[in-house]
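Spelled out, the chains give:
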Amino acid sequence: MPEGLNLPLLLGAAFSAIAGVLHLAVIAIGPRWYRLFGAGERMARAAERGRAYPALVTAAIAAVLLVWSAYALSAAGLMRPLPLLLPVICLITLVYLARGLLGPLVLAGTGRSRRFIAVSSAICLAAGCCICWGWCSNGWCWADSYAQTASYRHQLATKLVPMDDSDYLRLLTIQAEQANAFLSNARKWERERWVCQRLLQGLNIPYRSEDFTPAGQEPPDVLFRDAAFEVFFVLDEGRRLNDEWREELQRRRSAFSLAQLVRREQRPRRISAQELLARLAPTLRKKSHNYRERGLDLSELDIIAFASLKREVLDLNSHFPPPTEYLRQGWRSLSLVGPTFARVLFAHPDAPDFLRGNLGRSIVFDVGISL
């Protein structure tokens, strides 16, 4: 079964579809099946006389049941979202539950057999419970998925035309396409500039696009006024952004509903500032060694580490220890940026003023952005 589909809703859809097909079969086979399925002697005799209304009533019931099945499939994620999905699913659930609970009382003495009343009421009750259970669980999952797309809800608020699930899916697919393009080798400098801009936003330093220029030869990666930024990313162990977003793009392109995009993720583990700083060591040691071998002066480079972690999150209340090892390596400054925070870890006297002026301050962003 494809990821994200909802078994209770599929069972509810199956109940409705089977009941709808059986009603059509009753019309085709005739009076014998009217009696077999407990429609009552009056309906059976009317069918024997060739009256039209038994077939019309039964066909109408079949059509309603098949439409209900389609709405349950839509809610389960097997079809594109149908109009008024939420109110229709609620109505279907209420009708099924009412028929199942009140059927034995209402249908008593109407000429229908006890077996028909008992079996049909049990089926309706089961179908109503399945759809209710499936929709409630689906609703909680969708709430998680919508929370991850808050930026797209802001776009929705600015539009005059309401958006449905298919519109959200298109937006999410476009986002994944843009992320894949952003992570390509051709846009490496744009990624590095974006990290620099996140740091400047956190430090409340105004800038213009033309203030950023690529260096003639790396390092550094990005030149901004008197800063020479060298950028690198800190990721979870074994995580590859390109592969991750290619897989995510394929997942979003193949989805029929937002429910199919839901994945249960473990809650990120809180880590201390000391543990996060330790994650910088492998890359900074390697860069320090390689640049020294090339005869480069590390005291002219301003390092920015962007922490893009999915399985862990920084405890902003934890203490940042002195970055002694990185100071000894000889960098002019070292800054740490994450999805929700920025901090200048150290800056020597010859570092840019805007870095020295924010030394040791942890700035928390209003809106977290990551890759």
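Everything discussed here concerns the structure shown above.
Computed from a prediction, not measured in an experiment: that's the story for all the values here.

Caption draft 1: How the structure looks around the pairing of strand 5 (residues 302-308). Where burial is concerned, most of strand 5 is hidden: seven out of the seven residues are buried. Here strand 5 shows no split at all, with D302, I304, F306 and S308 on one side and I303, A305 and A307 on the other all buried. Pairing between strand 3 (residues 227-235) and strand 5: seven bridges, direction parallel. When the bridges of strand 5 are listed, V234 appears paired with A307. Of the pairings in the sheet, the one linking strand 5 to strand 7 (residues 333-337) comprises five bridges and is parallel in character. From the neighbouring strand, A305 faces strand 7, where its bridge partner is L336.

Caption draft 2: Broad picture of the environment of Y326. Tracing the backbone shows Y326 in helix 13 (residues 324-329). On the basis of relative accessible area, Y326 is assigned to the buried category, the value being 5%. With 42 residues separating them along the chain, Y326 and L284 place their C-alpha atoms 7.5 Å apart. Beyond its immediate chain neighbours, meaning those up to four positions away, Y326 contacts L277, A278, L280, A281, L284, W331, L334 and F346. For Y326, the side chain forms a polar contact with the main-chain oxygen of L277, separated by 2.5 Å. Within polar-contact distance, the side chain of Y326 engages the backbone nitrogen of A281 at 3.2 Å.

Caption draft 3: Quick peek at the sheet that holds strand 9 (residues 362-364). Spatially, seven strands are ordered 1-2-3-5-7-8-9 in an open sheet, and the strand pairing comes out mixed. Edge strands, defined here as strands with exactly one partner in the open sheet, are strand 1 (212-214) and strand 9. For this sheet, the mean inter-axis angle between neighbouring strands, taken without regard to orientation, is 25 degrees. Sheet contacts for helix 9 (residues 188-203): strand 1, strand 2 (222-224), strand 3, strand 5, strand 7, strand 8 (341-347) and strand 9; angle to strand 1, the most-contacted strand, approximately 150 degrees.

About the thresholds
Residues numbered from 1 in each chain as written. Predicted model: local features only at pLDDT ≥ 70, side-chain atom pairs only at ≥ 80, totals over all residues. Heavy atoms only, no water. Buried < 20%, exposed > 50% of the residue type's maximum accessible area, 1.4 Å probe, protein only. Helix = DSSP H or I, 4+ residues; strand = E, 2+ residues; numbered from the N terminus. Pairing = 2+ DSSP bridges. Contact = heavy atoms within 4.5 Å. Polar contact = N/O pair within 3.5 Å; in protein donor to acceptor, adjacent residues only side chain to side chain. Axes fitted to C-alpha atoms, helices over the stretch in contact; angles between N-to-C directions.

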